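Letter by letter, the chains look like this.
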Amino acid sequence: MERLIIVVAVLPLISALLIQLFAGRIGRSIARLSVVFTTLSFLLSCVLLALALMGSEIQTFPLGGSVAALLFDPLSILLATIILGISLIVHLYSVRYMAEEAAYGQFFVLLDLMTAALLFMVLAGDLITLVISWYLVGVILYFLLGQDTRSQTAYRFAFWTLITYRIGDLPLILAAALLYNAYETWSLTVIFDEIMANPDAHQVLGLPLTQVVAGLIGFSAFARSAQFLLHTWLPYTMDGPTPVSALMHAGIVNAGGFLINRFAPVFIHSGDVLNWIFIVGLVTAIFGSLLMLTQNDIKKALGYSTMGQMGFMIMECGVGAFSLAIYHMFAHGVFKGTMFLSAGGVINHARQDDGIPKDELYTFAVEKRPNKASQPWLLMAAVTLAVPLVILVFAHLLIAQDYFHKQGAIVLLFFGWVTGAQLIFATYRMRAQNIWRLVGLSILSLLVVVLGYVFISHAFDLFLYPDPEFRAQLYSAATIDLLRFDVLVGVVTLTVVAGWVITYFGERRGYYPRQKSKRLWLNFYALISREFYVSDIYTRLTRIILSISGRLNVWLRWL
Amino acid sequence: MPDFLTILLASIFLPLFPMSMIFNIILDKIKQCWLRVLLIIFWPLIGLLIVLNSNLDIPDWVLTVALSTSFLYSLRMLTLREVNQWSGFLATSFWGLLWLPITQGVSADLLYWFAISISTPLVLLVLLSADLEKRFGAAYTGLYGGLARTIPRYAGVLVIVVIAAIATPLFPTFFIMLDMVVETVSNKPVAALTLLFIWLLWSWAGARLIQGLIVGRASKNKIADMNLNSISFYSIVLIVLIGSGVYLGGVIL
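**A few points about the overall build of chain A**
Broken down by element type, chain A carries 23 helices and 4 strands. Look at the contacts in chain A between residues 6 or more apart in sequence, and 77% of them connect residues 24 or more apart.

**Looking at the nonpolar core**
Across soluble globular proteins, nonpolar side chains show a tendency to be buried alongside one another. Counting 256 residues, the largest nonpolar core has A:Phe263, A:Phe267, B:Trp86, B:Leu97, B:Trp99, B:Trp202 and B:Ile214 as its most contacted members. By residue number, the principal contributor to this core is helix H6 (residues 152-183) of chain A, which donates 19 residues. Sequence-distant contacts of A:Phe263, that is, excluding residues within four places in its chain, are made with A:Leu127, A:Leu130, A:Leu179, A:Leu188, A:Phe192 and A:Ile217. Judged by nonpolar contacts, the second largest core, of 7 residues, contains A:Phe278, A:Leu282, A:Met315 and A:Tyr475.

**Quick look at helix H7 (residues 108-136) of chain B**
With 29 residues, H7(B) should cover 42 Å at 1.5 Å per step; its first-to-last C-alpha distance of 42 Å lies within 8% of that length. Just beyond H7(B), the residue with positive phi is B:Gly137, at close to 90 degrees.

**Quick word on the interface of chain A and chain B**
Taken together, the contact pairs 43 residues of chain A with 46 residues of chain B. Here chain A and chain B share an interface that buries about 4000 Å² over both sides, 74% of which is from carbon and sulfur atoms. The largest share of the area that chain A buries against chain B comes from A:Thr149, A:Arg150 and A:Leu559, three residues that together contribute 16% of it. On the surface where chain A and chain B come into contact, there are 1 salt bridge. Between B:Arg149 and A:Asp148 there is a salt bridge whose closest N-O contact spans 3.4 Å. Summed over the shared surface of chain A and chain B, the result is 17 residue pairs in polar contact (both at pLDDT 80 or more). For the side of chain A that touches chain B, the secondary structure elements donating two or more residues are helix H5 (127-145), H6 and helix H23 (534-555) of chain A. A per-class count over the side of chain A that touches chain B returns 30 nonpolar, 9 polar and 4 charged.

**So, the environment of A:Val137**
Residue and element names in this part refer to chain A. Along the chain, Val137 falls in helix H5. Classification of Val137 as buried rests on a relative accessible area of 1%. Spatially, the C-alpha atom of Val137 lies 9.4 Å from that of Leu162, the residues being 25 residues apart in sequence. Setting aside residues up to four positions removed in sequence, Val137 forms contacts with Met114, Ala117, Leu118, Met121, Tyr165, Arg224 and Ile252.

**A look at the packing of aromatic side chains**
Applying the stated criterion across every chain yields a total of 31 aromatic pairs over all chains. Measuring from ring centre to ring centre gives 4.9 Å for A:Tyr142 and A:Phe143, while their planes differ by 70 degrees; the resulting arrangement is edge-to-face. The buried category is assigned to A:Phe143, whose relative accessible area is 13%. Ring geometry for A:Tyr180 against A:Trp186: centres 4.2 Å apart, planes inclined by 10 degrees, an arrangement best described as stacked. Ring-pair connections join several aromatic residues into one group, and the members of that group are A:Tyr135, B:Phe174, B:Phe175 and B:Trp199. Taking NZ or CZ as reference, A:Arg166 lies 5.5 Å from the ring centre of B:Trp199, over its face. Taking the ring centre of B:Tyr73 as reference, the NZ or CZ of B:Arg76 above it sits at 5.0 Å.

**A look at helix H20 (residues 468-478) of chain A**
Residue and element names in this part refer to chain A. Those residues of H20 that fall on the buried side of the exposure criterion are Phe470, Arg471, Leu474, Tyr475, Ala477 and Ala478. Relative to the axis of H20, the buried residues are bounded by an arc of 160 degrees and lie together on one face. Of the residues in H20, the exposed ones pointing more than 90 degrees away from the buried face are Pro468 and Glu469. For H20, the capping residue at the N-terminal end is Asp467, with a side-chain oxygen 3.1 Å from the backbone nitrogen of Glu469.

**What to know about the side chain of A:Asp169**
All names here are of chain A. Topologically, Asp169 is positioned in helix H6. On the accessibility criterion, Asp169 (2% relative accessible area) is buried. Discounting chain neighbours no more than four positions away, the residues touching Asp169 are Trp134, Tyr135, Ser220 and Arg224.

**What to know about the pattern of salt bridges**
Applying the stated rule across the entire model yields 10 salt bridges over all chains. The shortest N-O distance in the salt bridge between A:Arg150 and A:Asp148 comes to 3.1 Å. Here A:Arg150 falls in the partly exposed class, since its relative accessible area comes to 36%. Its relative accessible area of 23% is what places A:Asp148 among the partly exposed residues. Between B:Arg135 and B:Asp131 there is a salt bridge, and its shortest N-O distance comes to 3.9 Å. On the criterion of helical spacing, the pair formed by B:Arg135 and B:Asp131 is a turn pair, its members being 4 residues apart in helix H7.

**Section: the environment of A:Ile268**
All names here are of chain A. As for its position among the elements, Ile268 is in the loop between helix H12 (264-267) and helix H13 (271-293). Ile268 gets classed as buried once you look at its relative accessible area, which sits at 10%. Between the C-alpha atoms of Ile268 and Tyr475, which are 207 residues apart in sequence, the distance is 8.3 Å. If sequence neighbours within four positions are ignored, Ile268 has contacts with Met196, Phe470, Gln473, Leu474 and Ala477.

**A short note on empty space enclosed by the protein**
Residues and elements named next belong to chain A. With the rule as written, the count across this model stands at 2 cavities of 30 Å³ or more. Along the walls of the largest cavity sit 15 residues, with Leu79, Ile83, Gly251, Asn254 and Met329 positioned nearest its centre. Listing elements by their share of the lining of the largest cavity, those giving two or more residues are helix H3 (74-97), helix H4 (104-123), helix H11 (255-262) and helix H15 (322-352). Broken down by element, the lining of the largest cavity gets its largest block of residues, 4 residues, from H3. Considered class by class, the residues forming the lining of the largest cavity number 13 nonpolar, 2 polar and no charged.

The rules behind the values
Residues numbered from 1 in each chain as written. Chains lettered and ligands numbered in written order. Predicted model: local features only at pLDDT ≥ 70, side-chain atom pairs only at ≥ 80, totals over all residues. Heavy atoms only, no water. Helix = DSSP H or I, 4+ residues; strand = E, 2+ residues; numbered from the N terminus. Contact = heavy atoms within 4.5 Å. Core = buried A, V, L, I, M, F, W, Y, C linked by side-chain atoms within 4.5 Å. Buried < 20%, exposed > 50% of the residue type's maximum accessible area, 1.4 Å probe, protein only. Expected span 1.5 Å × (residues − 1). Buried area = accessible area lost by both parts, 1.4 Å probe. Salt bridge = Lys/Arg side-chain N within 4 Å of Asp/Glu carboxyl O. Polar contact = N/O pair within 3.5 Å; in protein donor to acceptor, adjacent residues only side chain to side chain. Nonpolar A, V, L, I, M, F, W, Y, C, P; charged D, E, K, R; others polar. Phe/Tyr/Trp six-rings, centres within 6.5 Å; stacked < 30°, edge-to-face > 60°. Lys NZ or Arg CZ within 6 Å of the ring centre and 35° of its normal. Arc of directions from axis to C-beta. 1 Å grid on protein atoms, 1.4 Å probe; cavity = no way out; pocket = protein on both sides within 12 Å on 5 of 7 lines; lining within 4 Å. Points joined across faces, edges and corners; volume = space filled by probe spheres on them.

What follows is the structure, given as structure tokens:
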């Protein structure tokens, strides 16, 4: 029965082939064929997911006697089902949305090829299949983003995506080559078994192989998941069709989290790399969120929002909460996919009537001008700090005795709580007449969110990594020494408290900065509005390379 | 013949800079399409014949020069606009890398297979370039653009041929590059990194070529698209290439 996994992966390929062959004869109804094949594939993946949930064994299925193979395990089948679910929604949406496009059939061919490439990527049981599908995702995305072949802008930014993805392909290829040289097999399961049995068996340039491979895999994941300095493609690729944006933000960009999860047996022997991954994720989350807040173009704001979320996802991997990253990937995928797919409807509705009451909520959310009415800051601050403790005690009692030892989960919950509490407080306080009711509601809603998150992540933990020892090793690999942990938590707390204090005094002054600090704020705003000059630096670098290329050609007489 | 002279002679056909310029001069001078095709097919085979029949002991500096030549031409490809010239530079960049499997003792049969696999997409590109010259008078990027709207079937074939030439999966060129990286990564990590950068530059150059030709508004003049016979020909060759790529991958990896 598990062998059906091959059918799941191949069905979109057959669909693409049929559309290519018969699009001319059947016309626009060819899209329905694509929908039927995707639905079939999705239903099959659901059956296989049910089998996996019932405890079906991990199996590898070779493809035609070659080195290529597909892997049936909880991670692969769960992600295949998510990909097919999102792909099916995008297919259904595109049937009408893309109806007026000239290359209608070609769009569905590319969409099916993308679905197939993503499926082969998550189902890959060997390094060759993984590298090929990883590479092809970038190539197909380039053409999907450039669906409108009249638009130079669409292709310009599609190229940014392609080149970033190609930069990300290189470390994965290097990692695959190193692993093959060390273990003389392409099979992921065999390699992982050998690494688990003897992690320090091989060295590269004097370093443990596992650390080098983990570093390369991490770098590859950064490029795919738009981590800081490799992020510029994400906010700018909005010229592609909306269904492609939905697929990209809901699925493709999550590939980094998948890759790190796939190589979990390597990462548990690479604690230092996990710490670096945490830092990169943290920086990305902060910069992504900061840039999101300062955008006046809503599409770019969405792009930066995805960047921030990807930062969180990578951060989760960095603290050893691997399965939490998969849950985050799923939750963010559904959320962001819905946003993109409903964008057209919202714009259409807004063109007729914006329908937004110009009340306090509007001024806060749209004009970003918080209400000036005084509120019990101290009470809310106390609640914000007290509730995480209560939740941790609950988690400790209900879920796992060693929860306090999972530093990563604690840091993430703390982050989640603080940001969530502030948002709810800032949003709801404007309409609240009764402050105690407001505080009660805030606590209740956040308890539901955070406890739900904890329980769901625990369920994902049990499903994806059923071996408790392996789970413990993952958290232990990401652990930092107590002093650094305390310093980190201290810095985070001070930052949050400083934020509160600045906001409090700022609000009391009515948000008019003093003359002295005005220039500083303006400079800071200029820096952010230029997006930290990252794209400018890359553009400059590109021009330099092209100029060198041109000069070489002139000197060498174009020969 | 002394080793140095053999290497010098072979470096014309398995291009090492500055001897690599000879091939590009000849390609530039030849105006007949069929002659260009023959040149691209047989040029690296002659090089392999010379090297394989001479019991050469290839010194390390040859590899360094080969990688540098390949890098140089891949970098120069970025600013090329003429399609034939682009094909010639990619050929120079790719054929030069054949020195790597030669030094690694890859069998003669496999080396010939490598050379033909590299040349085939370039031959298709030269044929497509001739088609373009026939239709527009020149095969230049950025000159007319909009081929995807003007002649969509031609544009589709062109895109696939370019991605076959720049070593994209599942074409044989991809597996050849992957094999070279696998063979060098442990013993010569710098060579492996250089290979990866060359590969990256090909992708960049390929994307620039594609964008310069297919993107833009449709031409106002009516231009005949590729006929079904030509499409069948290109499709069959590309399918055979993919099949041979998968097979080659199974053999070498």
